[in-house]
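# Report on the structure
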Amino acid sequence: HHEHVDRFLRLNEFNPQAEDEMVRLEEIRHQAVEYLMRVHGFSLPEQVSDDVAARDLLLVASRQGPDQKWACVVLKTMHIMHHIAGRETLLSVSISDDAIFREIELKVLKVVEELRAAGAPISEFQWSRKSRDSQVTKLLAKRSTIAANIYDKLRFRLIVPNADDLLPTLVALTRYLVPFNYVVPGESLNQLIDLRHVVEHTGDLLPLAAKMQMDDEGAAERRFNEFSGAEYRIINFVADLPLRLDGMLAADEITPELSHVVFALTEFQICDRETARRNEQGDASHDLYKARQHDRVRRRLLRGEHDALPE
């Protein structure tokens, strides 16, 4: 419905009531259609390419019909083009990491406080910025030394009272803070929710059960942090959060060719109170995590396990 469309647009920092932003949405659709026809030779239905408003493509894509597939194709392409434009804008304007991090912190804090006020079961909320020393240590400990691969320069942790509160909290975050379309693929770890069980025991989701091809244990193993203790458990994901440019620049600094939305990688961690308590004990503790990471750095720098290590 239109109310769902508008909520999704706002989540992506488009104001459905702002004429200039809906014009921008139409421009992105035009660019996507032109690309699909020019590069791939697609013949798109007029309803999708021109007739319906770009905003209404989300309605066409969500309903079965002859144009559903093509609406999805155009929307996917629009998503990519909008993301690229936001990244290019961030490179062409003078905004410090500190200013961007501050805007993200304010945005996340505002939403979390609103969720709490509405009764969301969030018992603890913390955030931190990764220091320069920690960034250097992380890259030295990894085979990949590209700074762009650091996804947790800014991290938020939400702790809920009970395990049953985890899934509702995730749902709330994806409705009011984190657009699902900007969650970074391959960078999520779920060690706390049995999604297959949820699907198989929820009537509305039951049709998905037959289509699910999940190997949760294998996925966790691929994404598991090698420096974490064997008993450490968490829900972890990274999102490229959209931020409005007008919140960081003066109006006369925002030229027409700039996207009004930019993006910043942000990590989220969620767990229940009991899991958080266990995560700070024994082998799973943060102190031992750092010790294992530092040991790896020294071994990599000294090129071998048997080299003498400094005290």
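Residues numbered from 1 in each chain as written. Predicted model: local features only at pLDDT ≥ 70, side-chain atom pairs only at ≥ 80, totals over all residues. Heavy atoms only, no water.

### Looking at the overall build of the protein chain
The helix and strand tally for the protein chain stands at 13 helices and five strands. In the protein chain, buried positions account for 40% of the 311 residues. Sequence-distant contacts, at least 24 apart, represent 72% of the contacts inside the protein chain between residues at least 6 apart. Carbon together with sulfur atoms contributes 52% to the accessible area of the protein chain, which is approximately 18,100 Å² in total. (Helix = DSSP H or I, 4+ residues; strand = E, 2+ residues; numbered from the N terminus. Buried < 20%, exposed > 50% of the residue type's maximum accessible area, 1.4 Å probe, protein only. Contact = heavy atoms within 4.5 Å. Areas by Shrake-Rupley, 256 points an atom, 1.4 Å probe, with all protein chains shown as cover.)

### Section: the sheet that holds strand β3 (residues 189–190)
Taken in spatial order, the five strands make up an open sheet running β1-β2-β5-β4-β3, and their pairing is mixed. In the strand order of this sheet, the two ends are held by β1 (124–129) and β3, each with one partner. Pairing between β3 and strand β4 (residues 235–244): two bridges, direction antiparallel. The residue bridging Leu 189 from the neighbouring strand is Asn 236, located in β4. (Pairing = 2+ DSSP bridges.)

### A look at unusual backbone geometry
With phi around 70°, Glu 13 is a residue other than glycine that occupies positive phi space. By the element assignment, Glu 13 lies in the loop between α1 (2–11) and α2 (19–40).

### Considering the packing of aromatic side chains
What the rule picks out here adds up to eight aromatic pairs. Taking the centre distance of 4.7 Å and the plane angle of 50° together, the rings of Tyr 182 and Phe 263 count as tilted. Of this pair, Tyr 182 sits in the loop between α8 (166–176) and β3 while Phe 263 sits in strand β5 (residues 261–272), and the two are 81 residues apart along the sequence. Classification of Tyr 182 as buried rests on a relative accessible area of 5%. Owing to a relative accessible area of 1%, Phe 263 belongs among the buried residues under this scheme. An angle of 20° between the planes, with centres 5.3 Å apart, marks the rings of Phe 237 and Phe 268 as stacked. (Phe/Tyr/Trp six-rings, centres within 6.5 Å; stacked < 30°, edge-to-face > 60°.)

### What to know about the confidence of the model for the protein chain
Here the protein chain averages 84 in pLDDT, and 82% of its residues register 70 or above. Here helix α11 (residues 216–223) is the element of the protein chain with the lowest mean pLDDT, 47, and helix α4 (residues 57–61) is the one with the highest, 96. (pLDDT = per-residue confidence, 0-100.)

### Concerning helix α6 (residues 97–117)
In an α-helix, one turn spans 3.6 residues, which is why side chains three or four residues apart end up on the same side. Between its first and last C-alpha atoms α6 spans 30 Å; for 21 residues at 1.5 Å apiece the expected length is 30 Å, and the two agree. When we look at burial in α6, the residues that qualify are Ala 99, Ile 100, Phe 101, Ile 104, Glu 105, Lys 107, Val 108, Val 111, Val 112 and Leu 115. Against α5 (68–92), β1, β2 (154–160), α8, β4 and β5 lie the buried residues of α6. Residue Gly 119 follows α6 closely and has a positive phi angle near 100°. (Expected span 1.5 Å × (residues − 1).)

### Overview of the nonpolar core
Residues Ile 95, Ile 100, Ile 104, Val 108, Leu 158, Phe 268 and Ile 270 are the most contacted members of the largest nonpolar core, which totals 37 residues. Counting only elements with at least two residues in this core, the list comes to α6, β2, α8, β4 and β5. The element contributing the most residues to this core is α6, with eight residues. Excluding its chain neighbours within four sequence positions, the residues that come into contact with Ile 104 are Leu 154, Phe 156, Leu 241, Leu 243, Ala 264 and Thr 266. (Core = buried A, V, L, I, M, F, W, Y, C linked by side-chain atoms within 4.5 Å.)

### Thoughts on the environment of His 294
Looking at the element boundaries, His 294 is found in helix α13 (residues 286–302). Residues His 294 and Lys 138 lie 156 residues apart in sequence; the distance between their C-alpha atoms is 8.9 Å.

### Overview of α5
Between its terminal C-alpha atoms α5 stretches 36 Å, which fits the 36 Å expected from 25 residues at 1.5 Å a residue. Listed in full, the buried residues belonging to α5 are Trp 70, Ala 71, Val 74, Leu 75, Thr 77, Met 78, His 79, His 82, Ala 85, Gly 86, Thr 89 and Leu 90. The elements touched by buried residues of α5 are α2, α3 (46–51), α4, α6 and β5.

### Overview of the side chain of Asp 165
Tracing the chain through its elements places Asp 165 in the loop between β2 and α8. As a buried residue without a salt bridge, Asp 165 has its nearest oppositely charged side chain in Arg 273, at a separation of 7.7 Å. Not counting the four nearest positions on each side in its chain, Asp 165 is found in contact with Pro 121 and Val 160. (Lys, Arg positive; Asp, Glu negative; His and termini not counted. Salt bridge = Lys/Arg side-chain N within 4 Å of Asp/Glu carboxyl O.)

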